[in-house]
Structures are given as C-alpha cells and as structure tokens.
Amino acid sequence: MGTTSSTLTQYDIEEVQEHCNHTFSQQEIASLYQRFCQLDRNGGGFIAADEFLSVPEFAVNPLSQRLLRMLDGLNFKEFVAFLSAFSSRATLQQKIEFIFKVYDSSANGKVTFDDMLNVLRDLTGQFISEKQREEVLTQVLEEAGYNKNSLLVLSDFVKILGNPDLKMEVEVPVD
Amino acid sequence: MANAPDNKLTSSSSELDLDRPNLEDYLPSGSMQEPRGKLRLRDLLDISPTLTEAAGAIVDDSFTRCFKSNPPEPWNWNVYLFPLWCLGVVIRYGILFPTRLETRISVVSNKSTCWFSYVVRNIVLPFTLLHLDISLMMGYLMHLNLICRVLVLTLGWIIFLSSFIPVHFLLKGNDKLRKKLELVTLANKRTSPWLSSIQRCLVELICSFFVASWTGVVKYHGPRPSRRPQQVFVANHTSMIDFIVLEQMTAFAVIMQKHPGWVGLLQSTILESVGCIWFNRTEAKDREIVARKLRDHVQGADNNPLLIFPEGTCVNNHYTVMFKKGAFELGCTVCPIAIKYNKIFVDAFWNSKKQSFTMHLLQLMTSWAVVCDVWYLEPQTLKPGETPIEFAERVRDIISLRAGLKKVPWDGYLKYSRPSPKHREQK
C-alpha cells in the first residue's frame with residue numbers, strides 16, 4: 001500500500017468530485033484514492049502501464065492494451081474521471097461516450113471500419129480468421145444502414161447502442 | 001507455471017462464450033447451422049461486459065487483496081488490552097497524581113512565594129513529571145520486554161549450539177567413516193539414528209525458544225504427524241514463522257527458497273541437518289531437479305517428514321492462492337495442515353516486499369503475542385480419475401474451510417511476474 005502519498009484533504013476530494021461531475025460520492029473518491037496509491041507503487045503520482053499490468057485480472061483482459069493507451073500517465077483526478085463512466089450515477093450518454101472513445105483510437109471523433117475491426121480482433125482473436133471477421137462486420141454494417149467506408153460518429157453510436165439496459169457498472173468498495 | 005492457472009482459464013472461457021457474439025452462426029459459408037438469432041451491429045459493438053471486467057479489476061481485484069497487510073493499530077485497541085489501559089488511566093490520574101500533588105503541597109505550603117510560581121511548581125510541574133514518569137516507565141517496560149525476549153532467545157541458542165555442534169560433527173563423522181570403510185557396522189547403525197533423533201529434538205527445542213521469544217501461543221489440534229515414508233505435508237503459508245511454529249512440534253524437512261544473509265546461513269547449517277531442500281524461484285531448470293529431490297526424499301524411510309507450502313509465496317492469512325501441483329504429483333499421501341493466526345495481538349503476515357525478515361522478526365518480538373491455531377487434518381490420497389490439479393484444489397478446499405480462508409483463483413507467482421500473453425489470448 002502506498003506509504004509515500006499524503007492523505008487527501010476535503011478540498012481535494014471536492015475538486016475531484018467536481019471534475020467527474022459528481023458521479024462518485026466523497027467516500028468512493030477516498031476509496032479510489034487508496035486504490036490509486038496502492039497501484040502507484042513508485043509514488044510518481046500516476047500509474048504506469050506496468051503497474052496496471054501487475055493486476056492479473058486486468059492483464060488478461062482482451063482490451064487491456066487499448067485501455068492502457070487511455071490510462072497512461074493519468075493523475076488521480078483524471079483517473080477518477082476515466083472511471084466515472086462505470087459509476088452507477090453515470091448517464092447512458094456518458095457510458096456510450098466511453099465506449100466510443102475506446103473504439104476511436106485516433107481520437108478524431110470518427111470511428112472507421114478498421115477501428116471496429118481492431119476491437120473485434122482483440123476480442124475474438126484466434127477464434128475466427130481475419131477474412132471471416134471482415135465479412136461479418138461488413139454484412140452487419142450494411143444491414144444497419146452503413147457501409148464499409150462510413151465513418152461513425154458519437155451520435156451514430158448513441159443510436160446503435162442507446163438501450164436502457166446497457167449494463168456497465170462497477171462498485172467501488174467503501175470500507 | 002504454464003499449467004497452474006489451467007483450471008481457472010477453462011472456467012473463465014466458458015463464461016466468456018456468453019459475452020462473445022455468436023459469429024460462427026452468422027458466417028456466410030457452407031458449414032453453417034441455423035442462425036440462432038439475428039446478429040445486429042449493436043451486439044457487435046457492445047463491448048460493455050469486457051470493459052466492466054477491466055474497470056472492476058482496476059478498482060479492486062482479488063489478487064492484490066491477498067497480499068494486503070493491515071496497518072498496525074494502536075496497541076490498546078482490542079478487548080483484552082483496553083481494560084488494562086483504562087485501569088492504567090485510573091491509577092495514573094486517580095491515585096498517583098493526587099498523592100503526588102498532596103506531598104508537594106505539604107512540602108511547600110510553608111514557603112511564602114507568589115501564587116503564580118506556586119501553581120506552576122505544585123500543579124503543572126507534578127502533572128508533567130507524572131506524565132514523563134509514566135511514559136518513561138512504559139518505554140522501559142517495553143524495552144525490558146524486548147530485552148527479556150532477546151535473552152530467552154540467546155539462552156536458547158547457547159543451549160542449542162552447545163549440543164547441536166558436537167552431535168552434528170559426530171553424525172557427519174559417522175557418515176564419513178562409513179563411506180571410507182564401506183561397511184556398516186552394527187555400532188554405527190545403532191548410534192546414528194540415536195544421534196539424528198537428538199538432532200531433531202534440538203531443532204525442535206530451538207524452535208520452541210524462537211516461539212517463546214515472541215510469546216507465541218500456539219494451539220495444536222488433531223493427531224501429531226507420524227514418521228512414515230510416502231507421505232507429504234502441505235500447509236498454507238503466511239510467514240516464515242509458519243515453519244518455526246510447525247517445527248517446534250515435529251521436526252519437518254522443508255522445501256524453501258534459499259535466502260540471502262543470516263537466514264541463508266541458518267538454512268545451510270541447521271536446517272540442512274533435518275534434510276531441507278532448496279530451490280531458486282528464478283531459475284527455470286530448477287523445477288526438474290527439485291522434483292527429483294522431492295521424490296527421493298519421500299522414498300527414504302528415515303528422512304524427516306517433508307513439509308511443502310504449495311502456495312509458493314506468503315499470503316495474508318485471509319485468502320489462499322492456487323496450490324502448485326508439484327506436491328501432489330509425488331504419488332504419496334498428502335496430509336493437509338491448516339494454520340490460522342489470530343490478528344488480535346499482531347498481524348503475522350510477512351509482506352516480503354515491505355520488510356526484510358529481520359525487521360519482521362523484530363516487529364514480532366516487540367508486539368504483545370503471536371496467537372495461532374494449527375490443525376492437522378486427515379490425510380488425503382489421489383482419487384482414481386483425479387488429476388493432480390484437481391487433487392490440489394480439493395486439498396485447498398479442505399484447508400481453506402478449516403482455517404476460514406477465502407479461495408482465490410490466482411497463481412501466487414504472479415506476485416513476481418506478469419501473466420504471459422498466451423493467457424490473454426486464451427481469454
């Protein structure tokens with residue numbers, strides 16, 4: 001557990017809460033801070049990629065590399081903002097925005113066919129061949145009214161994924 | 001290491017099947033069954049289950065929890081010590097302070113001084129002196145305690161070494177003689193088991209001294225281990241002192257990591273005499289050599305019973321990590337031992353990343369007591385049709401149930417290295 005970091009002041013907690021749009025309670029933020037310090041072993045103020053990978057449950061996740069790109073070099077405030085999409089108080093819009101950001105590797109607001117193919121490859125890997133993956137994706141896209149060259153933006157994602165029973169929640173343990 | 005997380009992976013891939021979109025059904029090729037349902041873009045793009053898993057791991061994961069040590073609590077916060085502390089407060093403020101004040105007043109009352117200095121000298125000063133006395137006294141007591149413990153330990157070492165060294169040399173001398181002459185006389189045969197049993201008793205003795213030096217209160221449940229060939233003892237691992245606690249009752253031969261420093265010296269001299277086996281975690285080829293040594297050891301009739309900690313690393317006594325199958329492949333009976341420390345006085349978990357063994361021992365010696373329970377459980381054998389991994393899991397179940405520990409599906413060695421990429425692909 002982190003011994004070098006100081007405790008969080010009330011002011012800090014409120015600032016972080018503001019930054020994540022009140023998606024976490026103050027107790028949850030304090031808990032997350034403890035977790036942050038626990039993961040940030042060298043006390044650098046941010047969690048390095050290999051410190052994330054020291055959590056085996058995270059390392060074996062197929063999307064870990066993509067998430068690491070988003071998580072690299074985040075300080076605590078940004079870390080909480082990153083996790084805010086997984087709070088029970090987060091709106092559906094916030095959750096879909098997060099998913100969009102995971103797909104949009106070039107961070108230009110547009111998701112291409114290749115982006116979607118890459119994520120699909122991370123998930124399905126060796127189970128089906130590249131060609132079959134492309135075929136399936138093309139077919140499904142066409143059925144939804146898009147084609148291989150279309151660039152999807154956030155509103156498209158909202159339209160596609162906008163279902164109230166989208167479950168993406170994580171519970172922060174509060175002792 | 002490649003085999004250890006196998007059963008974890010098979011179970012997790014079956015639950016992942018539910019997450020994965022059923023692409024095979026939808027492939028536009030000949031070998032196709034009826035599509036189970038229409039695959040929509042939404043199903044393809046919805047990665048929320050995987051993301052939730054990843055975020056869950058970031059926020060809290062079962063592996064790190066295994067190695068979390070609790071922050072040390074102030075010494076008076078438990079049900080036994082708190083009344084003592086209260087009593088101390090009562091004595092200090094209710095009895096000592098008034099009597100001192102009274103004596104001061106009677107001494108000084110006939111001196112004519114201004115009221116301010118009067119107050120300072122007679123009320124403030126005794127009060128602070130009182131506190132100083134008490135804290136000094138407490139400090140002295142704690143130091144005295146530590147000195148007593150160190151003395152006990154030193155005494156134990158003196159007794160031990162004065163008997164052990166001659167016995168050891170006698171024994172070695174006997175071996176050399178035997179090898180030189182290539183004949184086993186009746187006299188030699190008779191003396192050496194006698195000498196080696198003395199050695200065993202001595203090792204048990206020094207371990208009891210160790211345990212006494214940190215006021216260990218150990219309760220043993222179940223039948224004592226007997227010396228038979230073809231049996232192996234397995235136990236859960238919390239700290240290096242597990243071994244000492246077990247050893248004071250029965251002289252085991254243990255397989256352990258070779259440590260640097262004075263511990264390594266102890267290992268190579270004293271522990272060698274009980275037949276301990278060394279390994280090196282970092283060497284890959286080591287495994288086969290060690291496996292062979294283990295097999296040889298259990299065959300020998302007059303070797304000390306072998307004790308193995310199959311977790312491979314120290315865990316914080318709330319959880320058990322996955323057992324390594326090495327101990328369960330030897331083809332002999334496995335006798336499980338469960339160890340549970342009572343955290344009420346001290347947390348015996350040795351966080352090897354946080355402190356060295358010497359510091360850990362000092363910490364134990366300066367705390368009130370080490371309380372633990374040891375259960376010797378029923379010997380288990382490999383059931384027909386059971387793989388060693390399943391056998392290991394079954395024994396882990398038994399131990400965890402007895403000691404009230406939660407099971408965690410991780411390999412303890414992940415503390416030292418990362419899961420390999422092929423685990424990720426499998427998932």
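Here the structure is a predicted model, which is why all the values come from computation and not from measurement.

Basis of the calculations
- Residues numbered from 1 in each chain as written.
- Chains lettered and ligands numbered in written order.
- Predicted model: local features only at pLDDT ≥ 70, side-chain atom pairs only at ≥ 80, totals over all residues.
- Heavy atoms only, no water.
- Helix = DSSP H or I, 4+ residues; strand = E, 2+ residues; numbered from the N terminus.
- Buried < 20%, exposed > 50% of the residue type's maximum accessible area, 1.4 Å probe, protein only.
- Contact = heavy atoms within 4.5 Å.
- Areas by Shrake-Rupley, 256 points an atom, 1.4 Å probe, with all protein chains shown as cover.
- Pairing = 2+ DSSP bridges.
- Axes fitted to C-alpha atoms, helices over the stretch in contact; angles between N-to-C directions.
- UniProt positions renumbered as here; feature names shortened; annotations may be inferred.
- Disulfide = S-S within 2.5 Å.
- Parallel < 35°, antiparallel > 145°, perpendicular 65-115°, else oblique.
- Left-handed = near helix turned anticlockwise from the far one by under 90°.
- Nonpolar A, V, L, I, M, F, W, Y, C, P; charged D, E, K, R; others polar.
- Buried area = accessible area lost by both parts, 1.4 Å probe.
- Polar contact = N/O pair within 3.5 Å; in protein donor to acceptor, adjacent residues only side chain to side chain.
- Patch = residues over 30% accessible without salt bridge, like charges linked within 9 Å, V, L, I, M, F, W, Y side chains within 5 Å.
- Salt bridge = Lys/Arg side-chain N within 4 Å of Asp/Glu carboxyl O.
- Expected span 1.5 Å × (residues − 1).
- Core = buried A, V, L, I, M, F, W, Y, C linked by side-chain atoms within 4.5 Å.
- Domains from an automatic or database assignment.

This part covers the overall build of chain B. When its secondary structure is counted, chain B shows 14 helices and nine strands. In chain B, buried positions account for 44% of the 427 residues. The contacts in chain B between residues at least 6 apart in sequence include a share of 75% that link residues at least 24 apart.

Before going further, it helps to examine the overall build of chain A. Within chain A one finds ten helices and zero strands. Element order for chain A, N to C, with α for helix and β for strand: α-α-α-α-α-α-α-α-α-α. Residues classed as buried in chain A amount to 47% of the 175 residues present. In chain A, of all internal contacts separated by at least 6 residues, the share reaching a separation of at least 24 is 62%. Summed over its atoms, the accessible surface of chain A is roughly 8,400 Å², and 48% of this surface lies on carbon and sulfur atoms.

A few words on the sheet that holds strand E2 (residues 231-235) of chain B. Residue and element names in this part refer to chain B. An order of E1-E8-E7-E2-E5-E3-E4 is seen for the seven strands of this open sheet, with the pairing classed as mixed. At either margin of the open sheet sits one strand with a lone partner, and together these are strand E1 (216-221) and strand E4 (277-279). Going across the sheet, the axis of each strand differs from the next one's by a mean of 25°, ignoring polarity. Relative to strand E8 (residues 370-376), strand E7 (residues 333-342) is paired through six bridges, and the arrangement is antiparallel. Within the sheet, the bridge partner assigned to Asn342 lies in E8 and is Val371. Packed onto the sheet, helix H11 (residues 286-299) meets E2, strand E3 (253-257), E4 and strand E5 (306-308) and runs at close to 170° relative to E4. Across the sheet, helix H13 (residues 388-403) is in contact with E2, E7 and E8; its angle to E7 comes to roughly 35°.

Right, let's talk about the UniProt feature "domain: EF-hand" (unreviewed entry) in chain A for a bit. Following the UniProt record, the feature "domain: EF-hand" (unreviewed entry) maps to residues 27-62 and 91-126 of chain A here. Along residues 27-62 of chain A one finds 61% helix and 0% strand; the C-alpha atoms at either end are 31 Å apart.

Once that is clear, we can look at the state of the cysteines. Taken as a whole and assessed by the stated rule, the structure comprises zero disulfides over all chains. Free cysteine B:Cys335: the closest other cysteine sulfur is in B:Cys332, separated by 8.9 Å.

On to the packing of helix H1 (residues 10-19) of chain A against helix H6 (residues 76-83) of chain A. Pairs of packed helices are described in terms of their axes, by the angle between the two and the distance that separates them. Residues and elements named next belong to chain A. The geometry of H1 relative to H6 is characterised by a closest axis approach of 9 Å and an angle of 40° between their N-to-C directions. The pairing of H1 with H6 is recorded here as oblique in orientation. Read as a crossing pair, H1 and H6 show a hand that is right-handed. Note on element contacts: H6 touches H1 through Phe76, Lys77, Val80 and Ala81, opposite Glu15, Val16 and His19. Of the residues contributing to the contact of H1 with H6, the split by class is four nonpolar, one polar and two charged.

Listed by partner, the interface residues are 42 residues for chain B and 60 residues for chain A. Counting each side, the surface lost to burial between chain B and chain A is near 4,800 Å², with a carbon and sulfur contribution of 71%. Here chain B and chain A share five residue pairs in polar contact (both at pLDDT 80 or more) between them. Looking at the side of chain B that touches chain A, the elements with two or more residues in it are helix H2 (23-26), helix H3 (41-45), helix H4 (48-59), helix H5 (62-66) and helix H14 (421-426) of chain B. It is H4(B) that contributes the most residues to the side of chain B that touches chain A, eleven residues altogether. Residue composition of the side of chain B that touches chain A, grouped by class: 19 nonpolar, nine polar and 14 charged.

This part covers a nonpolar patch on the surface. Residues and elements named next belong to chain B. The grouping of Leu155, Ile159 and Leu205 at the surface amounts to a nonpolar patch, some 230 Å² of accessible area in total. Mapped onto the elements of the fold, Leu155 is located in helix H7 (residues 115-181). By relative accessible area, Leu155 is classed as partly exposed at 47%.

All names here are of chain B. With twelve residues, H4 extends 16 Å from end C-alpha to end C-alpha; this agrees with the ideal 16 Å at 1.5 Å per step. Of all twelve residues in H4, nine are buried; the element is thus mostly enclosed. For H4, the set of buried residues is Ser48, Thr50, Leu51, Thr52, Ala54, Ala55, Ala57, Ile58 and Val59.

We now examine the nonpolar core. Counting 65 residues, the largest nonpolar core has A:Phe58, A:Phe157 and B:Leu51 as the members making the most contacts within it. Built from parts of two domains, this core gets at least three residues from each of domain 1 (10-86) and domain 2 (92-161) of chain A. Core analysis: the next-biggest nonpolar cluster, separate from the first, contains 51 residues, B:Phe160, B:Cys207, B:Phe357 and B:Leu361 among them.

The next point concerns the side chain of B:Asn236. All names here are of chain B. With respect to the helices and strands, the residue Asn236 is situated in the loop between E2 and helix H9 (241-247). A residue is classified by how much of its surface remains accessible, and Asn236, at 2% relative accessible area, is buried. In this structure the side chain of Asn236 is engaged in a polar contact, spanning 2.9 Å, whose partner is the backbone nitrogen of Ile339. In this view, Asn236 contacts Asp242, Phe309, Glu311, Asn317, Thr320, Ile337, Ala338, Ile339, Ile399 and Leu405; residues no more than four positions away in its chain are not counted.

This part takes up the pairing of E8(B). Residue and element names in this part refer to chain B. Judged by how many residues are buried, E8 sits mostly within the fold: six of seven residues are covered. Note: E1 against E8, six bridges, orientation parallel. Its bridge partner lying in E8, His221 is registered against Trp375.

It is worth spelling out the pattern of salt bridges at this point. Residue and element names in this part refer to chain B. Counted according to the given criterion, the structure contains twelve salt bridges over all chains. Arg396 is the salt-bridge partner of Glu393, the closest N and O atoms lying 3.1 Å from each other. With Glu393 and Arg396 both in helix H13 and three residues apart, the pair spans about one turn of that helix. The same class applies to Glu393 as to Arg396, namely buried. Between Lys407 and Asp397 there is a salt bridge, with the nearest N and O atoms lying 2.4 Å from each other. Of this pair, Lys407 sits in strand E9 (residues 406-411) while Asp397 sits in helix H13, placing them ten residues apart in sequence. For Lys407, a relative accessible area of 35% gives the class partly exposed. Each of the salt bridges in this network shares a partner with another, and the network as a whole consists of Glu393, Arg396, Asp397 and Lys407.

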